[in-house]
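Examining the three-dimensional arrangement
Each chain is listed here by its residues.
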Amino acid sequence: MTEEVTEFPHKAVKRVVIAGGGTAGWMAAAAISRMLGRVLDITLIESEEIGTVGVGEATIPTLVTFHRLLEINEQEFMAATQATIKLGISFENWKDRDHRYIHSFGVTGQDHWMANFVHFWMRGREEGLASRYEDYCVELRAAEENKFAHLPRKGMNYAYHMDASLYAKFLRRFSEGYGAKRVEGKIVEVNQDDASGYITSLKLADGNVIEGDLFIDCTGFRALLIGKTLNVGFTDWSHWLLNDSALATQTTAVRDAVPYTRAIAGNAGWQWRIPLQHRVGNGIVYCSRYISDDEAKQEFLGSLEGEVIKDPWPIRFRPGQRQKCWSKNVVALGLAGSFIEPLESTTIHLIQRGITRLLNCFPHVITPEIVNEYNARLDTELQHVRDFVVLHYCVTNRRDNAYWRTVGSMELPPSLRQRIELFRETGNVFPVPTELFAENSWIQVMMGQGITPRQHHPIAEVMSFDELRQFLDSIRASTANTVRQIPAHMDYLRSYCPAD
Ligand code: FAD
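Section: the side chain of K147
- With respect to the helices and strands, the residue K147 is situated in the loop between α5 (138-144) and β6 (159-161).
- A relative accessible area of 15% means that K147 is categorised as buried.
- Here the side chain of K147 touches R484 through a polar contact of 3.4 Å, landing on its backbone oxygen.
- When near neighbours in sequence (up to four residues on either side) are disregarded, K147 contacts L87, A142, P259, V483, R484, I486, P487, A488 and H489.

As structure tokens, then:
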């Protein structure tokens, strides 16, 4: 869907109004006020009465970059949000029941420009020279041993687990420090210009009217501006991503936090465990067509460790994306724009991409070219992420009930089908450079889910037997040596960022 040229009044953007104060709203406020606060007037409206979705506590490494761009101090952020380190995700019971693999944020082995390390490893396996694929990746081995430190020179690639409500509070302080204004209140009316359909102001329940030039819709699943007001359609992906419901809760920690998220497949979906310094975030994600709410609740509560400190709250969702995340003078971020279920913790990343892209092309005056470019780029990125998440469901040996039989045999997006077949036949992936998940991620997950490529690249034959042995042994030894010297994850954090 492209924007019509005639729809665009020639109006300077000076006042930015952010509707919603969840993670999306406050991330937008933080970035825009930090970078453009001196030249823009920024107002965020949030409603305590409505509240936030209350989940979204696992991230991916791009958040480290986002914080660096905004010059957010890592120790202050981690202390304020009770954050822990995430080196990857432990996928349990996905390929088969009682099977586990870790998708880590690290690079495995050492690539040749012609071929990924996996080709050398495959030949090594055939020759009896290679050990587990996991043994050649520092982040993965550190995750297995519950270790973390900021390493000198080439550090580990990591992300965070954090308390979502504390993160919003932290970003609020940060944003207000750069001039963003916060208004408490419930938006009850959205006013539009008759000719252009542009949003002109938001009216609050107390009668206050907030005018703006550019509106950022961060109202979560309500999608008050982009959906309810501008009626931008939604592309539904529930035929590929079956889950539509979740139940979340928080429990006390019964042991030191591990540096990875746990994603534990269940009867008709999966559960997350997100360990923070002060508590654990837990949730079950499921498909209501295959399991009732009561059954899901029973499965969930029956498997929790620690004491429940917040009553479980239900969430319904529809996986998919807005046909346009930017329409007229409204940009939708977060759940208002798209939602690919939480399996690989990608939504906060997508919020961040939306924000950085908006900042890259921030308009003096909104034009259709800017809007179309923004939407096209976001579209492609979302589809790659969607394919990556669907991969976890469709490549599985599990056929133990109707849910797993359905996900294991569903018709795939052609882009994903091609990628799986290519890897199965050749060991190659060839992601495009702008994809969020790079070759290493695809390979770790495809192998973890049970695909072994049928052939390896001939470049792996060029090394002699002894050269290959030396090559593999030296990577494995240096990985083991590095990991040996890393302290336990929580020992490190207790001195690096004692919680506030
Ligand atoms: P919300 O948190 O819902 O915020 C909406 C805001 O809009 C609130 O402040 C609300 O008060 C305000 N609002 C709404 N209507 C009005 C109104 N009329 N007037 C005034 N204010 C209004 N993402 C990850 O990256 N990692 C994860 O691990 C992860 N796990 C998830 C698990 C589940 C089950 C779900 C559903 C999502 C998960 N996500 C995850 C996504 C993540 O929750 C969101 O990306 C993140 O919380 C941002 O949400 P949001 O700000 O868009 O919406």
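The rest of the description comes next.
A look at the nonpolar core
- The biggest cluster of nonpolar side chains holds 75 residues, and the ones touching the most others in it are W94, W121, L391, Y393 and I420.
- Element by element, the count of residues in this core is highest for helix α10 (residues 368-394), at eight residues.
- Here I420 is in contact with L391, C394, V395, L412, M446 and I451, once residues within four sequence places are set aside.

Details of helix α3 (residues 74-81)
- Among the eight residues that make up α3, six are buried, leaving the element largely enclosed by the rest of the structure.
- All buried positions along α3 are accounted for by E74, F77, M78, A79, A80 and T81.
- In the core, the buried residues of α3 are packed alongside α2 (62-70), β3 (84-86), β6, α6 (164-177) and α16 (489-496).
- By the N-cap criterion, in which a side-chain oxygen at the helix start approaches the backbone nitrogen of a residue two or three places on, α3 is capped by N73, the distance to Q75 being 2.9 Å.
- Two residues or fewer past α3, Q82 is found with a positive phi of approximately 55 degrees.

Re unusual backbone geometry
- Positive phi, close to 60 degrees, is recorded for E71, a residue that is not glycine.
- In this structure, E71 sits in the loop between α2 and α3.
- With a relative accessible area of 61%, E71 lands in the exposed category.

Digging into the site of the ligand
- In the neighbourhood of the ligand, 33 residues make up the surrounding shell, with G21, G51, A58, I187 and I348 lying closest.
- Within the backbone of I187, an N or O atom sits 2.8 Å from a nitrogen atom of the ligand.
- Mapped by element, the contributors of at least two residues to the shell around the ligand are α1 (23-36) and α9 (347-360).
- No other element matches α9, which puts three residues into the shell around the ligand.
- Within the shell around the ligand, the residues separate by chemical class into 16 nonpolar, 14 polar and three charged.
- Inspection of the shell around the ligand shows a minimum of three residues originating in each of domain 1 (11-57 + 163-237 + 319-366) and domain 3 (245-316).

A word on the pattern of salt bridges
- Taken as a whole and judged by the stated rule, the model has 37 salt bridges.
- The salt bridge involving D163 is made with R279; its shortest N-O contact spans 3.0 Å. Taken together, the residues D163 in the loop between β6 and α6 and R279 in the loop between β15 (269-275) and β16 (280-286) connect sequence positions 116 residues apart. Here D163 and R279 have matching classes, each one buried.
- One salt-bridge network, in which partners are shared between bridges, spans R132, D135, R141, E144, E145 and K147.

Quick word on the sheet that holds strand β9 (residues 199-204)
- Spatially, three strands are ordered β8-β9-β10 in an open sheet, and the strand pairing comes out antiparallel. Every other strand in the sheet has two partners, leaving β8 (187-192) and β10 (209-211) as the edge strands with one partner each. Taking each pair of neighbouring strands and ignoring which way they run, the sheet shows an average axis angle of 20 degrees.
- Pairing between β9 and β10: three bridges, direction antiparallel. Each bridged residue has a counterpart across the sheet, and for K203 the counterpart in β10 is V209.

Brief notes about the pairing of strand β2 (residues 41-46)
- Burial analysis of β2 places five of its six residues in the buried class, the great majority of the element.
- The pairing of β2 with strand β7 (residues 181-184) spans four bridges and is parallel. Residue pairing across strands places T43 opposite K181, the latter belonging to β7.

Notes on the packing of α10 against helix α12 (residues 414-426)
- Contact geometry of α10 with α12 gives a least axis separation of 10 Å together with a crossing angle of 60 degrees. Between α10 and α12, the interaxial angle falls into the category oblique. The two elements α10 and α12 meet at a crossing, and its hand is right-handed. Contact residues: α10 offers R386, D387, V390, L391 and C394, while α12 offers S415, L416 and I420.

Some words on the domain arrangement of the protein
- Assigned domains within the protein: domain 1 (11-57 + 163-237 + 319-366), domain 2 (106-156 + 397-484) and domain 3 (245-316).
- Averaged C-alpha coordinates put domain 1 and domain 3 at centres separated by 28 Å.
- Between domain 1 and domain 3, the contact holds nine residues from the first and 13 residues from the second.
- For the pair domain 1 and domain 3, the summed buried area comes to about 880 Å², and 63% of that belongs to carbon and sulfur atoms.
- For domain 1, the biggest contributors to the area lost against domain 3 are V55, E57 and D163; these three give 47% of the whole.
- The interface formed by domain 1 and domain 3 contains two salt bridges.
- At the surface where domain 1 touches domain 3, the tally comes to five residue pairs in polar contact (both at pLDDT 80 or more).
- Here the residues of the side of domain 1 that touches domain 3 are counted per class, giving five nonpolar, one polar and three charged.

Quick notes on the state of the cysteines
- This structure, assessed with the given rule, holds zero disulfides.
- C394 takes part in no disulfide bond, and the closest cysteine sulfur, belonging to C287, lies 16 Å away.
- For C394, a relative accessible area of 10% corresponds to the buried category.

About the cut-offs
- Residues numbered from 1 in each chain as written.
- Predicted model: local features only at pLDDT ≥ 70, side-chain atom pairs only at ≥ 80, totals over all residues.
- Heavy atoms only, no water.
- Helix = DSSP H or I, 4+ residues; strand = E, 2+ residues; numbered from the N terminus.
- Buried < 20%, exposed > 50% of the residue type's maximum accessible area, 1.4 Å probe, protein only.
- Polar contact = N/O pair within 3.5 Å; in protein donor to acceptor, adjacent residues only side chain to side chain.
- Contact = heavy atoms within 4.5 Å.
- Core = buried A, V, L, I, M, F, W, Y, C linked by side-chain atoms within 4.5 Å.
- Near = heavy atom within 4 Å.
- Nonpolar A, V, L, I, M, F, W, Y, C, P; charged D, E, K, R; others polar.
- Domains from an automatic or database assignment.
- Salt bridge = Lys/Arg side-chain N within 4 Å of Asp/Glu carboxyl O.
- Pairing = 2+ DSSP bridges.
- Axes fitted to C-alpha atoms, helices over the stretch in contact; angles between N-to-C directions.
- Parallel < 35°, antiparallel > 145°, perpendicular 65-115°, else oblique.
- Left-handed = near helix turned anticlockwise from the far one by under 90°.
- Buried area = accessible area lost by both parts, 1.4 Å probe.
- Disulfide = S-S within 2.5 Å.

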